Amino acid sequence: MAAERGELEERIIAKEQHTKEIDLVNRDPRRINEDVVKVDFEDVIAEPVGTYSFDGVWQTSYTTFTVSKYWCYRLLSAVLGVPLAVLWGVLFALISFCHIWAVVPCIKSYLIEIQCVGRIYSLCIHTFCDPLFEALARVCGSIKVSLRKET
């Protein structure tokens, strides 16, 4: 009963991921591009004190930079956004597929095999090395060191 309920919840969550509405106002809710691509005019072009251009040139440069950045981004995203979204979707699908069907099973198989090898290794160490080290401990354990001060 609980397993069926869990499966049903997983199906509902999976369906919601494909049909949920996206936020057109906040397009970076996890803030992954907050510090990377947030470049304004003042971050790129600056005139130090004493080296000012004409005010009209400065204002025109600001407007030109801002508008060209805005429209170039919009044009590039309109032309390349959907094809790159397909490319990234396929790439992440391939990564997920490889991880689910190859990487995790290989790791699980390796862990199972290494556990068997580890038991055999541990048995060999205890069988052959423990008696040797115990014998060496008994031989060395009877050594006594005494210090004398000669005057």
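Predicted, not measured: the structure shown is a model, and the values here were computed from it.

1. Some words on the overall build of the protein chain
- If you tally the helices and strands in the protein chain, you get three helices and zero strands.
- Scaling as 2.2 N^0.38, a compact globule of 151 residues should have a C-alpha radius of gyration of about 15 Å, whereas the protein chain reaches 34 Å, well beyond that.
- Out of the 151 residues belonging to the protein chain, those deemed buried represent 2%.
- Counting only carbon and sulfur atoms, one obtains 66% of the accessible surface of the protein chain, whose full area is about 14700 Å².
- For the protein chain, the separation between the mean place of its 16 positive charges and that of its 19 negative charges on side chains is 10 Å.

2. A word on the UniProt feature "transmembrane region" (unreviewed entry) in the protein chain
- Taken from the UniProt record, the annotation "transmembrane region" (unreviewed entry) applies to residues 75-102.
- A distance of 39 Å separates the end C-alpha atoms of residues 75-102, which is 100% helix and 0% strand.

3. Considering the confidence of the model for the protein chain
- Mean pLDDT over the protein chain works out to 88, with 91% of the residues at or above the 70 mark.
- Looking at the elements of the protein chain, mean pLDDT is at its lowest for helix α1 (residues 2-19), recorded as 68, and at its highest for helix α3 (residues 55-141), recorded as 94.

4. Some words on unusual backbone geometry
- Of note in the backbone geometry, Arg 31 takes a positive phi value of approximately 60° without being a glycine.
- Relative to the helices and strands, Arg 31 resides in the loop between α1 and α2 (41-44).

5. Side note on the state of the cysteines
- Under the counting rule described, the total for this entry stands at zero disulfides.
- The thiol of Cys 116 is unpaired, and the distance to the nearest cysteine sulfur, on Cys 124, comes to 14 Å.
- A relative accessible area of 42% places Cys 116 in the partly exposed class.
- Here Cys 124 stays unpaired: no disulfide links it, and the sulfur of Cys 129, its closest cysteine neighbor, is 9.0 Å away.
- Owing to a relative accessible area of 36%, Cys 124 belongs among the partly exposed residues under this scheme.

Cut-offs applied
Residues numbered from 1 in each chain as written. Predicted model: local features only at pLDDT ≥ 70, side-chain atom pairs only at ≥ 80, totals over all residues. Heavy atoms only, no water. Helix = DSSP H or I, 4+ residues; strand = E, 2+ residues; numbered from the N terminus. Rg over C-alpha atoms; globule rule 2.2 N^0.38 Å. Buried < 20%, exposed > 50% of the residue type's maximum accessible area, 1.4 Å probe, protein only. Areas by Shrake-Rupley, 256 points an atom, 1.4 Å probe, with all protein chains shown as cover. Lys, Arg positive; Asp, Glu negative; His and termini not counted. Charge placed at Lys NZ, Arg CZ, Asp CG, Glu CD. UniProt positions renumbered as here; feature names shortened; annotations may be inferred. pLDDT = per-residue confidence, 0-100. Disulfide = S-S within 2.5 Å.

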